[in-house]
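# Inside the fold
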Amino acid sequence: MSSTLQATWLRDDDRRPPDNFILEVVQRGLAARPKRLPSWLFYDERGSELFVAICEQPEYYLTRCEIALMRAHGAEIAAALGPDVRLVEYGSGHAIKTDLLLEHLASPVAYVPVEISPEPLRQSVQRLGERFPDVAMQPLCADFTRALRLPIAPRATRRTVIYFPGSTIGNFEAADAAVLLRKMRAEMGESGGILIGVDLKKDTALLEAAYNDAAGVTAEFTLNMLAHVNRAIGSDFDLRRFRHRARYNPMAGRIETHILSSEDQVVRVGRQQVRFRENEAMQVEYSCKYSLEDFAALAHRAGLAVRETWLDPERMFSVQYLVRA
């Protein structure tokens, strides 16, 4: 790791959820009707590894299409962002698409990956720091949905661009997505922008296959949420008694992922005993899909306008550049 990386490594511990907070979140979610758990519980170290494996599955078109898009349009996208950009990536993970943007940016000021899992963050900044030694790496270990204390840029910045690839915006219901976009709007400043990946509506069979891969990696990823909860708060979910289900809801325009109880059972969560009925579904993730018109309307709700849109060669995925309306 370079001295620049060591000097600028930041850990925002106030932004990482403590175990007692996880206990409160889980107990509140399991008391709801229907039961639900937040999708950020997927991402412990094992969950992050499994998500990388999901991206490599043949059914999971999203990563393949987004990489094809960035290879085809990376230079155009970089030109639209302009020189002297500070790039702030929300939920950077292993940053597998970031190279395709950084290699085209003109004199980028800094790269600020924001990631809640420390090991993927460490690995990605080491890799990118070695490939782009002239770009200041300023990693921030934090939850991007909460207020961020961004590091001071090493030199004058023409604009801050929030980079949010991978269609993660689709994991938020419309009202929550608008709130997050408004947060980005505030953090990017007056002259900034948002570069965001948005998955598009398409055939139901294609969508459902992407979230139910034949190798079972997505199912393992989903159930790892329960293993994460067990490790964090000492609950006793038996993963063998639960199963993964992901279905497309065409009326809502989203994949709905649930964890189903395979039998009547009781799980200890803190001091509570939580009862599950056979086939009871616990909602753990939405993956919303948009038409271009739908997403433009969502951006407008957040005080933003779509300046440019790029599509992959198969026209299944989009990357959009948003600015203040």
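Residues numbered from 1 in each chain as written. Predicted model: local features only at pLDDT ≥ 70, side-chain atom pairs only at ≥ 80, totals over all residues. Heavy atoms only, no water.

The protein goes by L-histidine N(Alpha)-methyltransferase in an unreviewed UniProt entry, where it is assigned to Dyella lutea.

Looking now at the UniProt feature "domain: Histidine-specific methyltransferase SAM-dependent" (unreviewed entry) in the protein. Residues annotated in UniProt with the feature "domain: Histidine-specific methyltransferase SAM-dependent" (unreviewed entry) correspond here to residues 25-322. Helix makes up 36% of residues 25-322 and strand 26%. Its end C-alpha atoms lie 32 Å apart. (UniProt positions renumbered as here; feature names shortened; annotations may be inferred. Helix = DSSP H or I, 4+ residues; strand = E, 2+ residues; numbered from the N terminus.)

On to the side chain of aspartate 143. With respect to the helices and strands, aspartate 143 occurs in the loop between β5 (140-141) and β6 (159-164). Lacking a salt bridge, the buried aspartate 143 has arginine 146 as its closest oppositely charged neighbour, with an N-O distance of 5.0 Å. (Buried < 20%, exposed > 50% of the residue type's maximum accessible area, 1.4 Å probe, protein only. Lys, Arg positive; Asp, Glu negative; His and termini not counted. Salt bridge = Lys/Arg side-chain N within 4 Å of Asp/Glu carboxyl O.)

Residues arginine 33 and proline 34 are joined by a peptide bond in cis, for which omega reads -5 degrees. Considering the arrangement of structural elements, one finds proline 34 in the loop between α2 (19-31) and α3 (45-55). The phi torsion at alanine 95 lies on the positive side, around 50 degrees, for a residue other than glycine. Note on placement: alanine 95 falls in the loop between β2 (85-90) and α5 (99-102).

Before going further, it helps to spend a moment on the environment of glycine 166. Within the fold, glycine 166 resides in the loop between β6 and α7 (174-188). Glycine 166 sits 39 residues away from alanine 205 along the chain, and the two C-alpha atoms are 20 Å apart. In this structure glycine 166 touches Glu66, Lys97, Gly197 and Phe317, once residues within four positions along its chain are discounted. (Contact = heavy atoms within 4.5 Å.)

Grouped together as the largest cluster of nonpolar side chains are 63 residues, with contacts concentrated most on Val26, Leu30, Leu37, Leu87, Leu101, Leu195 and Phe237. Among the elements that take part in this core, helix α4 (residues 61-81) stands out by supplying nine residues, more than any other. Leucine 37 has contacts with Val26, Leu30, Met225, Leu226, Met282, Gln283 and Val284, leaving out every residue within four places of it along the chain. Counting 30 residues, the second largest nonpolar core, distinct from the first, contains Leu140, Leu180, Phe295 and Leu304. (Core = buried A, V, L, I, M, F, W, Y, C linked by side-chain atoms within 4.5 Å.)

Taken as a whole and assessed by the stated rule, the structure comprises 23 salt bridges. A salt bridge links glutamate 256 to arginine 254, with the shortest nitrogen-to-oxygen separation between them at 2.8 Å. What makes glutamate 256 buried here is its relative accessible area of 16%. When salt bridges that share partners are traced, they join Arg36, Glu173, Arg254 and Glu256 into one network.

Okay, the state of the cysteines next. On inspection of all chains with the given rule, the structure shows zero disulfides. As a non-bridged cysteine, cysteine 141 has cysteine 55 as the owner of its nearest cysteine sulfur, 20 Å distant. With no disulfide partner, cysteine 288 has as its closest neighbouring cysteine sulfur the one in cysteine 55, 18 Å distant. Owing to a relative accessible area of 9%, cysteine 288 belongs among the buried residues under this scheme. (Disulfide = S-S within 2.5 Å.)

Where α7 meets helix α10 (residues 292-301), the axes come as close as 8 Å, and the angle between the chain directions of the two elements is 55 degrees. Comparing the axis directions of α7 and α10 gives the class oblique. α7 and α10 meet at a crossing whose hand is right-handed. On the side of α7, the interface is formed by Ala174, Ala175, Ala177, Ala178, Leu181 and Arg182, while α10 contributes Leu298, Ala299 and Arg301. Residue classes in the contact of α7 with α10 are distributed as seven nonpolar, no polar and two charged. (Axes fitted to C-alpha atoms, helices over the stretch in contact; angles between N-to-C directions. Parallel < 35°, antiparallel > 145°, perpendicular 65-115°, else oblique. Left-handed = near helix turned anticlockwise from the far one by under 90°. Nonpolar A, V, L, I, M, F, W, Y, C, P; charged D, E, K, R; others polar.)

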